[in-house]
Amino acid sequence: MLQGVDLDVPAGEVTMLLGRNGAGKTTTLRTIMGLWKLRQGRIGFAGQELGGMGPSAIARAGIGYVPEEMGIFGDLTVAENMRLGARTRRMRQDRIDWLTAAFPALGTFWHRPAGTLSGGQKQMLSLARVMVEPRQLYLIDEPTKGLAPAVVSVLVGALRQLKSEGATILMVEQNFAVAKALGQNAAVMDDGRTVWSGRMAELAGDAGLQDRLMGLHLEGHR
Amino acid sequence: MSDAAPAHAPRIERAGLSGRLRPLIPWLLVPAAILLGYLGIWAQASWPLLEPVLNEDGTLRTRVFDLAPFDVRLSSWLTLTVSGLAMGMMIFVMASGLTLVFGLMDVINFGHGAFVAIGAFTGITVLLAFPGLAGAESLAANLALVGLAALAAMAVTGLLGGLFERIIIRPVYGAHLKQILVTMGGLIVAEQMIHVVWGPSEIFIARPEMLKGALTFHGAAIETYRLMAVGLGLAIFLAIRAVLRHTTIGLIVRAGVQNGEMVEALGYRLRLVFVGVFIAGSALAGLGGVMWGLYQEVVTATMGAEIMVLVFIVVIIGGLGSVEGCFLGALLVGLTQNYVAFLEPKAALVSDIALMVLILMWRPEGMMSAGGRR
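Cut-offs applied
Note that residues are indexed from 1 along each chain, following the sequence as it is written. Following the order in which they are written, the chains are lettered starting with A and the ligands numbered starting with 1. In keeping with the predicted nature of the model, local features appear solely for residues at pLDDT of at least 70, side-chain atom pairs appear and are counted solely at 80 or more, and the whole-chain, interface and lining totals rest on all residues. Side-chain descriptors were evaluated using all non-hydrogen atoms of the structure, hydrogens and water having been removed beforehand. Grid points spaced at 1 Å over the protein atoms alone were grouped into cavities, where a 1.4 Å probe fits but cannot get out, and pockets, open sets with protein on both sides within 12 Å along at least five of seven lines, with lining residues defined by an atom within 4 Å of a point. Grid points are joined across faces, edges and corners, and a volume is the space filled by probe spheres set on the points. Under the scheme used here, helices are H or I runs from DSSP no shorter than 4 residues and strands are E runs no shorter than 2 residues, and both carry numbers assigned from the N terminus. Polar here means any residue outside two lists: the nonpolar Ala, Val, Leu, Ile, Met, Phe, Trp, Tyr, Cys and Pro, and the charged Asp, Glu, Lys and Arg; Gly therefore counts as polar. Salt bridge, as applied in this entry: a Lys or Arg side-chain nitrogen positioned within 4 Å of an Asp or Glu carboxyl oxygen. Accessibility here uses a 1.4 Å probe with only protein chains present; expressed as a share of the type maximum, an area under 20% marks a residue as buried, one over 50% as exposed, and anything in between as partly exposed. Strands qualify as paired when DSSP identifies two bridges or more between them. An expected span of 1.5 Å times one less than the residue number is assigned to each helix. Pairs of residues are marked as contacts when any of their non-hydrogen atoms sit within 4.5 Å. In this description, buried area is defined as the sum, over both parts, of the accessible area (probe of 1.4 Å) that is lost when the two are combined. Any residue with relative accessible area above 30% and no salt bridge may belong to a patch, with like charges joined within 9 Å and the nonpolar Val, Leu, Ile, Met, Phe, Trp and Tyr side chains within 5 Å. Methods summary: accessible areas were calculated by the Shrake-Rupley approach with a probe of 1.4 Å, and residue burial reflects only the protein chains presented. In this text, buried Ala, Val, Leu, Ile, Met, Phe, Trp, Tyr and Cys residues form a nonpolar core when linked through side-chain atoms within 4.5 Å. Confidence of the predictor in every single residue is expressed as pLDDT, which spans 0 to 100. Any Phe, Tyr or Trp ring, taking Trp's six-membered ring, that has another such ring centre within 6.5 Å forms a pair; planes under 30 degrees apart are called stacked, those over 60 apart edge-to-face, and the others tilted. Angular values range over 0 to 180 degrees, each being the angle between N-to-C directions of two axes fitted as lines to C-alpha atoms, with helices fitted over their stretch in contact.

(A) Main features of empty space enclosed by the protein. A complete count under the given rule lists one cavity of 30 Å³ or more for this structure. The volume enclosed by the largest cavity comes to roughly 40 Å³. Taken together, Arg30(A), Leu35(A), Tyr65(A), Pro67(A), Glu69(A), Asn259(B), Glu261(B), Met262(B) and Ala265(B) make up the lining of the largest cavity. Per-element tally for the lining of the largest cavity: the top contributor is helix H9 (residues 248-265) of chain B, with four residues. By residue class, the composition of the lining of the largest cavity is five nonpolar, one polar and three charged.

(B) Just the pattern of salt bridges, in detail. The tally for this structure, following the rule as stated, stands at 14 salt bridges over all chains. For Glu13(A), the salt bridge goes to Arg199(A), with nearest N and O atoms at 3.0 Å. Within this pair, whereas Glu13(A) is found in the segment before strand E1 (14-19), its partner Arg199(A) is found in strand E8 (residues 193-199), the two being separated by 186 residues in sequence. Using a relative accessible area of 42% as the deciding quantity, one classes Arg199(A) as partly exposed. We note a salt bridge from Glu209(B) to Lys212(B), for which the minimum N-O separation is 3.2 Å. We classify Lys212(B) as partly exposed; its relative accessible area is 41%. Sharing partners across several salt bridges, the network here consists of Arg207(B), Glu223(B) and Arg226(B).

(C) Summary view of the pairing of strand E5 (residues 220-223) of chain B. Residue and element names in this part refer to chain B. Only one face of E5 is buried: it carries Ala220 and Ile222, and the other face, with Ala221 and Glu223, is open. One ladder, built from four bridges, connects strand E4 (residues 214-217) with E5; its direction is antiparallel. Note on E5: the bridge partner recorded for Phe217 is Ala220. Following E4, the chain reverses through two residues before pairing antiparallel with E5; His218 in that reversal takes a positive phi of roughly 50°.

(D) Main features of helix H6 (residues 119-131) of chain A. When the terminal C-alpha atoms of H6(A) are compared, their 19 Å separation across 13 residues agrees well with the 18 Å that a helix rising 1.5 Å per residue should span. Listing the buried residues of H6(A) in full gives Gly120(A), Gln121(A), Gln123(A), Met124(A), Leu125(A), Ser126(A), Leu127(A), Ala128(A), Arg129(A), Val130(A) and Met131(A).

(E) Just the environment of Gly115(A), in detail. Residues and elements named next belong to chain A. Along the polypeptide, Gly115 turns up in the loop between helix H5 (104-108) and H6. For Gly115, a relative accessible area of 39% puts it in the partly exposed group. For the pair Gly115 and Thr77, spaced 38 residues apart in sequence, the C-alpha to C-alpha distance is 8.2 Å. Setting aside anything within four residues of it in sequence, one finds Gly115 in contact with Gly74 and Lys122.

(F) A look at the interface of chain A and chain B. With 36 residues of chain A in contact, the opposing surface of chain B contributes 33 residues. Taken over both partners, the interface formed by chain A and chain B buries close to 3000 Å², and the fraction arising from carbon and sulfur atoms is 60%. Along the contact surface separating chain A from chain B lie two salt bridges. One salt bridge connects Glu80(A) with Arg254(B), and the closest N-O pair in it is separated by 2.7 Å. Secondary-structure elements contributing two or more residues to the side of chain A that touches chain B are helix H2 (55-60), helix H3 (78-86), H5, H6 and helix H7 (149-164) of chain A. The greatest single-element share of the side of chain A that touches chain B, amounting to six residues, is contributed by H7(A). For the side of chain A that touches chain B, the per-class residue count stands at 18 nonpolar, seven polar and eleven charged.

(G) Quick peek at a nonpolar patch on the surface. Residues Val156(B), Leu159(B), Leu160(B), Leu163(B) and Ile167(B) make up a contiguous nonpolar surface patch of roughly 440 Å² in combined accessible area. Mapped onto the fold, Leu160(B) is located in helix H6 (residues 139-169).

(H) Representation of the nonpolar core. One finds Met33(A), Leu84(A), Leu139(A), Phe92(B), Leu104(B), Phe274(B) and Val311(B) to be the most contacted residues of the largest nonpolar core, which totals 134 residues. Of all the elements, helix H3 (residues 74-105) of chain B adds the most residues to this core, at 19 residues. Aside from chain neighbours lying at most four places away, what touches Leu84(A) is Phe73(A), Leu76(A), Leu251(B), Ile252(B), Ala255(B), Leu266(B) and Tyr268(B). With 55 residues, the next largest nonpolar core counts Met70(A), Trp98(A), Leu155(A) and Met171(A) among its residues.

(I) Region of interest: the environment of Leu50(A). All names here are of chain A. Structurally, Leu50 can be placed in the loop between strand E3 (48-49) and H2. Since its relative accessible area comes to 3%, Leu50 is described here as buried. Separated by eleven residues in sequence, Leu50 and Ala61 place their C-alpha atoms 9.2 Å apart. Every residue in contact with Leu50, bar those within four places of it in the chain, is listed here: Ile32, Ile43, Phe45, Ile58 and Ile63.

(J) Structural context of the confidence of the model for chain A. In the predicted model, chain A carries a mean pLDDT of 89, and 96% of its residues have values of at least 70. Contacts of residues 217-222 of chain A to residues separated by more than four positions or lying in other chains number 17 contacts, the stretch itself having pLDDT below 50.

(K) Representation of the packing of aromatic side chains within the structure. Residues and elements named next belong to chain B. A full pass over the atoms with the stated rule returns 14 aromatic pairs over all chains. Ring geometry for Phe92 against Phe327: centres 5.3 Å apart, planes inclined by 85°, an arrangement best described as edge-to-face. Of this pair, Phe92 sits in helix H3 while Phe327 is found in helix H12 (residues 323-343), placing the two residues 235 residues apart along the sequence. Like Phe327, Phe92 is buried.

(L) Here's a closer look at the sheet that holds E8(A). All names here are of chain A. Here six strands make up an open sheet; going across it, the order is E4-E5-E6-E1-E7-E8 and the pairing mixed. Every other strand in the sheet has two partners, leaving strand E4 (63-66) and E8 as the edge strands with one partner each. Here the strands of the sheet are splayed against their neighbours by 15° on average, with no regard to which way each runs. Sheet topology note: the E4/strand E5 (residues 137-141) ladder contains four bridges and is parallel. Bridging across to E5, Ile63 finds its partner in Leu137.

See below:
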């Protein structure tokens, strides 16, 4: 349960949400997305109050969500998964070209059922599905979890491109090397609350701060 | 970390023969059942295969009987096959909406049978209101009347389905036990309302004139109405499949059956889609009720509850949320019941349960469960 999350996600920047397992990072993303009900407090987004809105309304307000478990529709083809993400019958060709260049596997398996993809390819699809249309805010939950280094590099490359577009991203990440490479800001959670927030450079450069916040050196996760 | 990603070059591996055949296996079960039915009927005609014969010296020997000619009961087999397919198609029409409702929102609707019964009574009322058209020896007039009856039944049950969802289902989303209780309650109320509106007795109905007869093919009498039911059921299956595969709403439904939460998180109002599916499913149940009523030539208030046993078996063995599975399951149930009733009438009572047990032992989630369904 969340009990004191105070989080600011600056527009046009990447904010990393860090913390131990069970700290409330996924819960925070799901609550912003409206998948779990907000009991107290408020969530503001682009001048709107999101609390009380359902996930579909929140998505239509411009927020894209990549869940930890990827949420791929295994019986649908890669193309159909992408079409659902685009919310239109005709996807923008420039976005498709960009995404199939960033994730070549998706182009190769475009008409295959998504359930037949490997774990890394599913993660690519999950990310590409939300990137197929520009969103105002991307909520991305542990995209590199359990993936091979080669696949992680592909994902990081695509996220870098997204970042260079000026996208606003709030991302949960356990791999500190990835977090440091992508994040401009960081927020650390523990026991359902934010215990620290600031610039990523400050956290990355202070091993003592890392130790104090999480009881372990994040550099050790490299 | 370098910007340049190492090559992640995917390769397409050819699936092995078993991997490619696996999705086709459920489709092969229907022709296999038809073949098995034929072999069963032929074997029965040849039974017993062994006969004790007295030799000249007084000893006994066993003689193998001459096997019956292979086409000995071709006519019986043809009649039973068409009858089984017709029955299966009608069950499919009734069950197709239920499987999507199950799959899309995890709603267990025991009240689905109410739409079958109300649809049948509504359709029969239309048929009885136009005796001239029903008695006319014109196929066009007869089909127009049946079409009108079907449309009326679908309109009434679709409308009632919308109300049922709003009043009975919506307050119990996510609570299976409550869903079972309130939808069964809804079914009982609907049955009593049928008694109030149409009276307590069953209503016997004769089919329109041109749908009464039978065609003769290889010595088999095949009822015209059964052929019509097969054609209509097949058309409805192809139409549902086309909607699911080639429209955006179909795409949302197929995705929703697998992971409704993610569909919502992508910006789609799944509740609204569900209401639409519920209304369409109720209307199809109503259409199935008209078809079933004309098949049985009698309608009763409890016919919906009675047929629900078969409908649930079909939904379960097909795989929750799978229209294709539901279609194949319905055909298997229809064929099995007809063949077994002919070969061993007493066993017909348990044949469908036995079929369900066998299929669930083979595929516990049904023949074609929606992949990745949560």
